[in-house]
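# Analysis of the macromolecular model
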Amino acid sequence: MTSTPVALMITAGMEGEQAIEKGGQGIFTSALIRGLEGGADLNHDGYITAGELASFVRPEVSVDSGYRQTPMAGTIRGHGEVVLVIPPATGPAPTPRLD
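For clarity, every value in this text was computed on a predicted model and none was experimentally measured.

Okay, the overall build of the protein next. For the protein, the count of helices and strands is two helices and six strands. The buried share among the 99 residues of the protein stands at 25%. A fraction of 70% describes how many contacts in the protein between residues 6 or more apart in sequence connect residues 24 or more apart.

Okay, structure coming up:
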């Protein structure tokens, strides 16, 4: 992990691939949500990093699409890892207020 700026990206598929939907939702979106809900904590340390999320999403989407959609991930700027989800101290994270 790093304390310096880093920009990462995860795409739903490679150039020329169409995003596939099942049940009214994109399979990439579904995999992303499952990953952020804990499936992407590949080393079971309670944190989800961008690298773990990408490593989780890619095979999930590839298999679910019959290998017609392959998510890609990479660094746009900088180097290091980004923590996307940190476990809450107690109970679920509070819902942000939108007022």
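When you line up the elements, Thr-49 lands in strand 4 (residues 48-49). The buried category is assigned to Thr-49, whose relative accessible area is 10%. With sequence-adjacent residues up to four places away left out, Thr-49 is seen in contact with Glu-81, Val-82, Val-83 and Leu-84.

Attention now goes to the nonpolar core. Within the largest apolar cluster, 10 residues are counted, these being Ile-20, Ile-27, Phe-28, Ala-31, Ala-40, Ile-48, Leu-53, Phe-56, Val-57 and Val-61. For this core, the secondary-structure elements that each account for two or more residues are helix 1 (27-39) and helix 2 (50-64). Sort the elements by how many residues they give to this core and helix 2 lands first, with four residues. In this structure, Phe-28 is in contact with Ile-10, Thr-11, Ala-12, Val-57, Val-61, Gln-69 and Pro-71, ignoring residues within four places of it in sequence.

So, on to the pattern of salt bridges. Using the criterion set out here, one finds two salt bridges in the structure. Note that Lys-22 is salt-bridged to Asp-64, the shortest N-O span being 2.9 Å. Placement of the pair is Lys-22 in strand 2 (residues 21-22) and Asp-64 in helix 2, with a sequence separation of 42 residues. By relative accessible area, Lys-22 is classed as partly exposed at 42%. Overall, the relative accessible area of 33% leaves Asp-64 in the partly exposed class.

Here we come to unusual backbone geometry. Located in the positive-phi region is His-44, a residue other than glycine, with phi close to 55°. Here His-44 shows up in the loop between helix 1 and strand 4. Relative accessible area serves as the criterion here: at 70%, His-44 is assigned to the exposed category. Backbone geometry at Tyr-67 places phi at a positive 65°, although glycine is not the residue there. For Tyr-67, the location among the structural elements is in the loop between helix 2 and strand 5 (72-77).

Parameters and conventions
Residue positions are counted from 1 within each chain, in the order its sequence is given. This being a predicted model, a pLDDT of at least 70 is required before a residue's local features are given, and a value of 80 or more before pairs of side-chain atoms are given or counted; all residues contribute to the totals for chains, interfaces and linings. Only hydrogens and water are set aside; all other atoms, that is, all heavy atoms of the structure, feed into the side-chain values. In this description a helix means any DSSP run of H or I spanning at least four residues, a strand means any run of E spanning at least two, and both kinds are numbered starting from the N terminus. Accessibility here uses a 1.4 Å probe with only protein chains present; expressed as a share of the type maximum, an area under 20% marks a residue as buried, one over 50% as exposed, and anything in between as partly exposed. It only takes one pair of heavy atoms within 4.5 Å for two residues to be counted as in contact. Nonpolar core, defined: a set of buried Ala, Val, Leu, Ile, Met, Phe, Trp, Tyr and Cys residues in which side-chain atoms within 4.5 Å join the residues together. Note on definitions: salt bridges are taken to be side-chain nitrogens of Lys or Arg within 4 Å of carboxyl oxygens of Asp or Glu.

Worth remembering: the numbers are spatial, not functional.
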